[in-house]
Amino acid sequence: MFKKNKKSVCNIYDSRYESMWNLLMANKRGLEDKVEKTYIQNICINLYPEGPDKEKAIKDSNNAKHSLLCAIGSYECMKMELENFYKKNREKFEKCINWEPKQFIDSHKLIEICIKNLIKGV
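These numbers come from a predicted model, not from an experiment. The residue numbering used here restarts from 1 in each chain and proceeds along that chain's sequence as written. At least 70 in pLDDT is required for a residue's local features to be given in this predicted model, at least 80 for side-chain atom pairs to be given and counted, and no such filter applies to totals for whole chains, interfaces and linings, which use all residues. Neither water nor hydrogens contribute to the side-chain values; these are computed over all heavy atoms in the structure.

## Some words on the packing of aromatic side chains
Heads up, the rule is: Only the six-membered ring of Trp is used, alongside the rings of Phe and Tyr, when aromatic pairs are assigned; centres must lie within 6.5 Å, and planes under 30 degrees apart are stacked while those over 60 apart are edge-to-face, with the rest tilted. Numbering of helices and strands starts at the N terminus; helices are DSSP runs of H or I of at least 4 residues and strands are runs of E of at least 2. Think of it in three bands: residues with accessible area under 20% of the maximum for their type are buried, residues over 50% are exposed, and the middle band is partly exposed, with areas taken using a 1.4 Å probe on protein chains only.
Enumeration over the complete set of coordinates arrives at nine aromatic pairs. A ring pair is formed by Y17 and Y86, whose centres lie 5.5 Å apart and whose planes are at 40°; its orientation type is tilted. Of the two residues, Y17 is situated in helix α1 (residues 12–45) and Y86 in helix α2 (residues 52–89); the sequence distance between them amounts to 69 residues. Taking relative accessible area as the criterion, Y17 reaches 0% and is therefore assigned buried.

## Overview of the side chain of K79
By the secondary structure assignment, K79 is in helix α2. We classify K79 as buried; its relative accessible area is 7%.

## Describing the environment of D14
Spelled out, the test is: Contacts are assigned to residue pairs that have any heavy atoms within 4.5 Å of one another. By the criterion applied in these results, polar contacts are pairs of N or O atoms within 3.5 Å in which, for protein atoms, one can donate a hydrogen and the other can accept it, and in which residues neighboring in sequence qualify only through two side-chain atoms.
Its location among the elements puts D14 in helix α1. With 81 residues separating them along the chain, D14 and K95 place their C-alpha atoms 6.2 Å apart. If we skip the residues at most four places from it in the chain, D14 touches F93, E94, K95 and C96. There is a polar contact of 3.0 Å between the side chain of D14 and the backbone nitrogen of C96.

## Some thoughts on the environment of K28
Relative to the elements of secondary structure, K28 occurs in helix α1. Along the sequence, K28 and S74 sit 46 residues apart, while their C-alpha atoms lie 9.4 Å from each other. When near neighbours in sequence (up to four residues on either side) are disregarded, K28 contacts Y75, F104 and L110.

## Some remarks on the packing of α2 against helix α3 (residues 107–120)
Basically, it comes down to this: Fitted lines through C-alpha atoms give the axes, limited to the stretch in contact for helices. The angle between two N-to-C directions lies from 0 to 180 degrees. Here roughly perpendicular refers to angles of 65 to 115 degrees, roughly parallel to angles under 35, roughly antiparallel to angles over 145, and oblique to all remaining angles. Put simply, Ala, Val, Leu, Ile, Met, Phe, Trp, Tyr, Cys and Pro go in the nonpolar bin, Asp, Glu, Lys and Arg in the charged bin, and everything else, Gly too, in the polar bin.
The interhelical angle for the contact between α2 and α3, taken along N-to-C directions, is 125°, at an axis separation of 10 Å. Looking at the two axes, α2 sits oblique to α3. Listed contacts from α3 to I72, Y75 and E76 of α2 are S107, L110 and I111. A per-class count over the contact of α2 with α3 returns four nonpolar, one polar and one charged.

As structure tokens, this is what we get:
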């Protein structure tokens, strides 16, 4: 006789939280990339003499700053949503019960760490 395999039931709260977690991780990486790009572009402006190249570098830098601000807003919004979901549904989690959203730092601190690492060459 064959034994019936017990199917594990998918916990929708774990699934949703894990999805939110992964999306926030992707946003974190995107924010880090935008910090690096903006930082480098701002430094490069001073390398150009006055003229069209410098004007283009300034325009690119302003675009990068705008993109960075959008990434900050997205990261902070997703972080807040993750924290709220965790607070509201923590007792319903099985797999994700110890996935504390406090592991994600505020965007301002994240940016400071990124800049520090860029300066150190990490």
